[in-house]
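These are the residues of each chain, in order.
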Amino acid sequence: MSQQKIHGVWSNSWIFVLAATGSAVGLGNIWKFPYMAGENGGGAFVLVYLFCIALIGLPVMMAEVLLGRRGRMSPVNTMKRLVEEGGLHGAWTSIGWMGVFAGLFIMSFYSVVAGWAINYVITTASGTFNGADAEQVGSIWGGLLNDNGTLLLWHTTFSIMTGVIVALGVTKGLGAVARYMMPFLILALFVLLAYGVMKGNMAAGLDFLFNPDFSKLLYKYVEVNASGETVACSGELIHCEKQLTYEPTLKALGHAFFTLSLGMGAIMAYGAYMPDHSNVAKTVVTIGILDTVIALVAGMAIFAIVFANPEVSPAGGPGLMFQSLPIAFGSMAGGQIFGTLFFLLVTVAAWSSAVSLIEPGVAWLVENKDYNRWVATLILAGSAWLLGITAMLSFNVLSEWTPIFLFGKTPFNFLDFLTSQLMLPLGGLFIAIFVGWKMSKTIVAQEMDAEGHPLFEIWMFVLRYISPVLVGVVFVFALIDSLS
Ligand code: TRP
């Protein structure tokens, strides 16, 4: 009897680690982190990002797991239950609600990018990149961005792939995906790293990523153009002015949430599977380290290639991974097979992340509205798919469509901004305040299994005073920044 119990607990604990790692490791690490670092000044961005992971991401992740495990339901109902338990104001359940929408919004552009990766599986497998130089790779990439038929096909395929897994309700089966895929993904990234050392310009890559220059993070160059608008400095404008900006700092903070899948209930939903007495803190630190290492290795591999090819700009934006890695695949021995495998791994990593984006909403529809899982999935994945079409068109027909109500951004950039820079940090802020200040400290200590442990006191202190204050300060400064 006791043997069985121990066995059950073990396997459950692993399910959580694998599912949460599957959720955390995805496009955020391999696609988004490198291009964000490239656009926002490199080393200083990376340093702030690492700082945010340690002082905000990990403490908040522990809090989010703890909420899920205590509530043991979908995020919306978990919050309802804990609000009732503590006799708190019903407004706190908005943490769950906001998460359902944040997940839907993220999914809409996430599946477009995953679609690019699927397309690259085929392009690489067909040998199109063999021997291609930076310029040829760039034009293949540009061609894809303008091919709406192909983009729609893969955006739709990825949405269906994700929907099927969510509808089957096999979040547990996903553990297996993560378990077998993750070692291969890490191995593939290290092979690319080795390529970068041998054929790329690793010295320049490392310097860019790890030698912080804070003036690049904190200042932007602007000028007032002929019609009186303040615009970014371009080659033709001559009266450039240096202006303090907190936007890149907020982006680094937001990315810490994005990459750890924090602030929208995904980790809460998975926390519900965690056994009562497994160690939350240790598990979360493991996931955090794994996630960070994967992002840094991807970044080093990509920038070593970027700096060996002057045609590719480090600040090239969302296309960075797609414009740099194929150059390596095209020139290395066995690159056609290895590259195909690599993009396949990226697709699977994206898949196991995407599931956690719509799971909270589906779980709520099933619990409260008594919907069939397939119908619930169809509603959520369908809405994300539809919204995703605007993200897909943001790189061609809608690239100039930057209306005021989207804060002057394309739909793609707006969806990213709204979620990474507003909803996720806000969700995290509320989670920190809820667990740090609103829940009974006795219950929290019990859940952490750490009554009186010195590390528990430190975590509590960080969660109460450091994480929320940092998020708040960055928010306020970035807000003032965008209003002035
Ligand atoms: N963390 C994933 C990545 O890095 C993306 C992701 C999955 C996510 N679920 C999430 C981001 C929930 C925020 C919230 O690719």
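Here's a quick rundown of the structure. In this text, all values refer to a predicted model and were calculated from it rather than measured experimentally.

### Quick word on unusual backbone geometry
The backbone phi angle of S261 is positive, close to 60 degrees, even though this residue is not glycine. Residue position: S261 is located in the loop between α11 (247–259) and α12 (266–271). One non-glycine residue with positive phi stands out, namely F407, at about 55 degrees.

### Notes on the site of the ligand
As a structural note, the neighbourhood of the ligand is formed by 17 residues, with G28, Y110, F258, S261 and S356 the closest of them. S356 is positioned with one of its side-chain polar atoms (N or O) 2.9 Å from a nitrogen atom of the ligand. Notes on the ligand: free accessible area 360 Å², of which the protein chains cover 100%. Every element with two or more residues in the shell around the ligand is listed here: α1 (2–24), α2 (27–39), α5 (94–125), α11 and α15 (335–369). By residue class, the composition of the shell around the ligand is nine nonpolar, eight polar and no charged.

### Points about the pattern of salt bridges
Note on pairing: side chains with opposite charge can pair once their charged atoms come close. Evaluation of the coordinates by the stated rule reveals seven salt bridges. The shortest N-O distance in the salt bridge between R69 and E447 comes to 3.3 Å. Of this pair, R69 sits in helix α3 (residues 43–71) while E447 sits in helix α18 (residues 441–448); the two residues are 378 residues apart in sequence, bridging distant segments of the chain. Relative accessible area serves as the criterion here: at 10%, E447 is assigned to the buried category.

### Things to note about the pairing of strand β1 (residues 219–224)
The two faces of a sheet get side chains in turn, since along a regular strand they alternate between them. As defined by bridge partners, β1 adjoins strand β3 (residues 241–244) across four bridges and the pair is classed as antiparallel. Note on β3: the bridge partner recorded for V222 is E241. Pairing of β1 with strand β2 (residues 230–232) involves three bridges; the strand directions are antiparallel. Within the sheet, the bridge partner assigned to V224 lies in β2 and is T230. If you look at the hairpin formed by β1 and β2, you'll find five residues sitting between the two strands, and G228 has a positive phi there, around 85 degrees.

### Some points on the packing of helix α13 (residues 280–306) against helix α14 (residues 320–331)
The description of two packed helices rests on the angle between their axes and on the distance between the axes. Taken N-terminus to C-terminus, the directions of α13 and α14 make an angle of 75 degrees; their axes are 9 Å apart at the nearest point. One element, α13, and the other, α14, form an angle in the roughly perpendicular class. Note on element contacts: α14 touches α13 through L320, M321, S324, L325, I327 and A328, opposite I302, F303, I305 and V306. Considered class by class, the residues forming the contact of α13 with α14 number nine nonpolar, one polar and no charged.

### Topic: the side chain of T259
Structurally, the position occupied by T259 is in helix α11. Apart from the residues lying within four places of it in its own chain, the contact partners of T259 are A24, G28, N29, Y49, I53 and D291.

### Focus on the packing of aromatic side chains
Applying the stated criterion across every chain, the model contains 34 aromatic pairs. Ring centres 5.6 Å apart and planes at 90 degrees place the aromatic pair W116 and F322 in the edge-to-face group. Of this pair, W116 sits in helix α5 while F322 is found in helix α14, placing the two residues 206 residues apart along the sequence. Here W116 and F322 have matching classes, each one buried. Between F395 and F412, the ring centres sit 4.7 Å apart and the planes meet at 70 degrees, which makes this aromatic pair edge-to-face. Of the two residues, F395 is situated in the loop between α16 (373–393) and α17 (411–438) and F412 in helix α17; the sequence distance between them amounts to 17 residues. For F395, a relative accessible area of 23% translates into the label partly exposed. For K32, the ring lying beneath its charged end belongs to F258, and the centroid distance is 4.0 Å. A cation over an aromatic ring shows up here: K409 above the ring of F417, its NZ or CZ 4.7 Å from the ring centre.

### Let's talk about helix α6 (residues 134–145)
Compared with the 16 Å implied by 1.5 Å per residue over 12 residues, the 17 Å span of α6 between its first and last C-alpha is a close match. Tucked into the core, α6 has its buried residues touching α5, α7 (148–168) and α14.

### Quick word on the nonpolar core
Ranked by size, the top nonpolar core spans 164 residues in total, and within it W116, F322, F342, F434, V435 and W459 carry the most contacts. Counting residues per element, this core draws most heavily on α5, which supplies 18 residues. Not counting the four nearest positions on each side in its chain, W459 is found in contact with P59, M62, A63, L66, V435, V444 and M448.

### Some points on the sheet that holds β1
Read across the sheet, three strands follow the order β2-β1-β3 without closing on themselves; strand pairing throughout is antiparallel. Both edges of this open sheet fall to β2 and β3, since each of them pairs with a single strand only. The average angle at which neighbouring strand axes cross in this sheet is 50 degrees, direction not considered.

### What to know about the environment of D147
Its location among the elements puts D147 in the loop between α6 and α7. Of the polar contacts made by the side chain of D147, one reaches the side chain of T150; its length is 2.5 Å.

About the cut-offs
Residues numbered from 1 in each chain as written. Predicted model: local features only at pLDDT ≥ 70, side-chain atom pairs only at ≥ 80, totals over all residues. Heavy atoms only, no water. Helix = DSSP H or I, 4+ residues; strand = E, 2+ residues; numbered from the N terminus. Near = heavy atom within 4 Å. Polar contact = N/O pair within 3.5 Å; in protein donor to acceptor, adjacent residues only side chain to side chain. Areas by Shrake-Rupley, 256 points an atom, 1.4 Å probe, with all protein chains shown as cover. Nonpolar A, V, L, I, M, F, W, Y, C, P; charged D, E, K, R; others polar. Salt bridge = Lys/Arg side-chain N within 4 Å of Asp/Glu carboxyl O. Buried < 20%, exposed > 50% of the residue type's maximum accessible area, 1.4 Å probe, protein only. Pairing = 2+ DSSP bridges. Axes fitted to C-alpha atoms, helices over the stretch in contact; angles between N-to-C directions. Parallel < 35°, antiparallel > 145°, perpendicular 65-115°, else oblique. Contact = heavy atoms within 4.5 Å. Phe/Tyr/Trp six-rings, centres within 6.5 Å; stacked < 30°, edge-to-face > 60°. Lys NZ or Arg CZ within 6 Å of the ring centre and 35° of its normal. Expected span 1.5 Å × (residues − 1). Core = buried A, V, L, I, M, F, W, Y, C linked by side-chain atoms within 4.5 Å.

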